[in-house]
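Below are the chains, spelled out letter by letter.
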Amino acid sequence: YNSVPSSGTIEVCGLCRCSILSQEGKKEQDKKLKQHVPLIYFGTRTHKQVTQIVHELRKTAFAGVSMAILASRDHYCVHSEISKLPNKTELCRDCVKENACDYYKNVKNVNTQERIAMLGLDTAWDIEDLVTTLTRRKVKACPYFCARELAKAADIVFCPYNYLIDSRIRKQMEIELAGNVVVLDEAHNIEDSARDAASLSITTEDIQKAQVNLAKLVDKRILVRHHRPLESMLSSIMEWHTSIADTLKAGEYNKFTRTWLGVEMVRVLDKKCALNEHTVAIFNSHFQEATRYAKEQQQIARGGDPKEFGQLDEEALHG
């Protein structure tokens, strides 16, 4: 320390060890404070509502806040071919993996809040604004992946309810709710959204088609140890469905329904289809191998290298 001046205040000289430690301590404290600033997730029921909220945000003193809007490829994809097809997600993943999408390659040029602001998006923007800005001739970047990158440094992130409710989507979109703020617009709709996120709709036609395809693979001695258990399980489901067909009640849109309590359905699936807490993991492992084989065949059909999916050896293929 310097000598005590007439004012009686001790001044730090900035040269000694204690001064350096003091400065490092301040930096560490500032770092911790920054880490604890919460991110705001604003959930809406539909993408249309995001447009309305952004419109209102523009009228406030916070119009220049760092933001991002997470949405599906249905809203963001601008690829000349993939954007016109129904299975955008799968095709996009393959295209990115093969490094064949120029829009994806250019995301690195516009993946920060500062760069987006320089392109004119310096106040609250909407999905259409981002798409229009990034598809300019001199930019040509993917809005979907850009939005995901922008979310990493945003103060507020807008997204549909299911992005916050569904754990699978949260993991995929790298959404971390712990320690952050969640705002739900029209929160009385959250119950229906939560139910939809935990529900699955499948028709008997879907099950029959899958069963037939699995049976064909078994007949060809392809991955028998994985395909046969899945085929048997689906066969059991169809047999059970046939046995209760007379108890179904006619409903709207040519649908026939019946309602079971959760405990009743768990009991039925265990007794009739051998589906329970112990066998689900086993069936899932069979399903993963069957899916891997299916993707490999799709890659071969497109003229790609099956090794990309981990090519199966002869023993595994016919085992």
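Described below are features of the structure shown in this document. (Residues numbered from 1 in each chain as written. Predicted model: local features only at pLDDT ≥ 70, side-chain atom pairs only at ≥ 80, totals over all residues. Heavy atoms only, no water.)

**Quick word on the overall build of the chain**
- Helix and strand counts for the chain come out as 16 helices and 6 strands.
- For the chain, the exposed area adds up to about 21100 Å²; of that, 53% sits on carbon and sulfur atoms. (Helix = DSSP H or I, 4+ residues; strand = E, 2+ residues; numbered from the N terminus. Areas by Shrake-Rupley, 256 points an atom, 1.4 Å probe, with all protein chains shown as cover.)

**A few points about the packing of helix H13 (residues 224-243) against helix H15 (residues 279-301)**
- Interhelical geometry of H13 versus H15 gives an angle of 120° and a closest axis separation of 9 Å. As summarised for this structure, H13 and H15 are arranged oblique, according to the angle between their axes. You can see that H13 and H15 cross each other, and the crossing is left-handed. Along the contact surface, H13 presents Arg225, His226, His227, Pro229, Leu230 and Met233, while H15 presents Phe283, His286, Phe287, Glu289, Ala290 and Tyr293.
- Taken together, the residues of the contact of H13 with H15 break down into 7 nonpolar, 3 polar and 2 charged. (Axes fitted to C-alpha atoms, helices over the stretch in contact; angles between N-to-C directions. Parallel < 35°, antiparallel > 145°, perpendicular 65-115°, else oblique. Left-handed = near helix turned anticlockwise from the far one by under 90°. Contact = heavy atoms within 4.5 Å. Nonpolar A, V, L, I, M, F, W, Y, C, P; charged D, E, K, R; others polar.)

**A closer look at the packing of aromatic side chains**
- Inspection of every chain in the model, using the stated rule, returns 4 aromatic pairs.
- Taking the centre distance of 5.5 Å and the plane angle of 45° together, the rings of phenylalanine 42 and phenylalanine 158 count as tilted. Placement of phenylalanine 42 in strand S1 (residues 40-44) and of phenylalanine 158 in strand S3 (residues 156-160) is noted, with a sequence separation of 116 residues between them. For the pair formed by phenylalanine 42 and phenylalanine 158, the shared burial category is buried.
- Geometrically, the ring pair formed by tyrosine 144 and phenylalanine 145 is edge-to-face, given 5.0 Å between the ring centres and 85° between the ring planes.
- Residue tyrosine 144 is classed as buried on the basis of its relative accessible area of 4%.
- Residue class for phenylalanine 145 comes out buried when judged on its relative accessible area of 16%.
- One aromatic cluster is present, formed by Tyr104, Tyr144 and Phe145 through successive ring pairs.
- Seen from the ring of tyrosine 103, lysine 140 lies directly overhead, with NZ or CZ sitting 5.4 Å from the centre. (Phe/Tyr/Trp six-rings, centres within 6.5 Å; stacked < 30°, edge-to-face > 60°. Buried < 20%, exposed > 50% of the residue type's maximum accessible area, 1.4 Å probe, protein only. Lys NZ or Arg CZ within 6 Å of the ring centre and 35° of its normal.)

**Re the sheet that holds S3**
- Taken in spatial order, the 4 strands make up an open sheet running S2-S3-S1-S4, and their pairing is parallel. This sheet does not close on itself; its edge strands, each paired only once, are strand S2 (67-69) and strand S4 (181-184). For this sheet, the mean angle separating the axes of adjacent strands, direction not counted, is 20°.
- When S1 meets S4, the two strands line up parallel, connected through 4 bridges. Within S4, the position partnered with glycine 43 by the bridge is leucine 184. (Pairing = 2+ DSSP bridges.)

**Quick look at the pattern of salt bridges**
- Summed over the entire model, instances satisfying the criterion amount to 9 salt bridges.
- Here lysine 152 makes a salt bridge to glutamate 149, at a shortest N to O gap of 3.1 Å.
- The exposure class of lysine 152 is exposed, given its relative accessible area of 55%.
- Each of Glu191, Asp192 and Arg195 takes part in salt bridges that share partners, so that together they form one network. (Salt bridge = Lys/Arg side-chain N within 4 Å of Asp/Glu carboxyl O.)

**Considering the packing of helix H7 (residues 127-134) against helix H8 (residues 143-151)**
- Where H7 meets H8, the axes come as close as 10 Å, and the angle between the chain directions of the two elements is 115°. Here H7 runs over H8; the crossing is right-handed. Packed against H7, whose contacting residues are Leu130, Val131 and Leu134, the element H8 presents Pro143, Cys146 and Ala147 at the interface.

**Focus: a nonpolar patch on the surface**
- There is a patch of nonpolar side chains on the surface, built from Ile40, Val181 and Val183 and spanning about 170 Å² of accessible area.
- Here isoleucine 40 is to be found in strand S1. (Patch = residues over 30% accessible without salt bridge, like charges linked within 9 Å, V, L, I, M, F, W, Y side chains within 5 Å.)

**With respect to the environment of serine 235**
- The topology assignment puts serine 235 in helix H13.
- Judged by its relative accessible area of 18%, serine 235 falls in the buried class.
- Sequence-wise, serine 235 and isoleucine 207 are 28 residues apart; in three dimensions their C-alpha atoms are separated by 8.6 Å.

**Quick notes on helix H4 (residues 88-97)**
- Of all the positions in H4, only Lys88, Cys92, Asp94 and Cys95 are classed as buried. What you see down the axis of H4 is that its buried residues fit within an arc of 165°, all on one side.
- The inward-facing, buried residues of H4 abut helix H3 (73-76) and H8.
- Two residues or fewer past H4, asparagine 99 is found with a positive phi of approximately 55°. (Arc of directions from axis to C-beta.)

**Describing the nonpolar core**
- Within the largest apolar cluster, 48 residues are counted, with the highest numbers of intra-cluster contacts made by Ile69, Tyr76, Ile116, Trp125 and Phe158.
- Contributions of two or more residues to this core are made by S1, helix H2 (47-57), S2, H4, H7, H8, S3 and helix H9 (161-165).
- Counting residues per element, this core draws most heavily on H8, which supplies 6 residues.
- Setting aside anything within four residues of it in sequence, one finds isoleucine 69 in contact with Val50, Val54, Tyr76, Trp125, Asp126, Ile127, Ala147 and Phe158.
- Ile237, Met238, Leu275 and Ala290 belong to the second-largest nonpolar core, a separate cluster that totals 11 residues. (Core = buried A, V, L, I, M, F, W, Y, C linked by side-chain atoms within 4.5 Å.)

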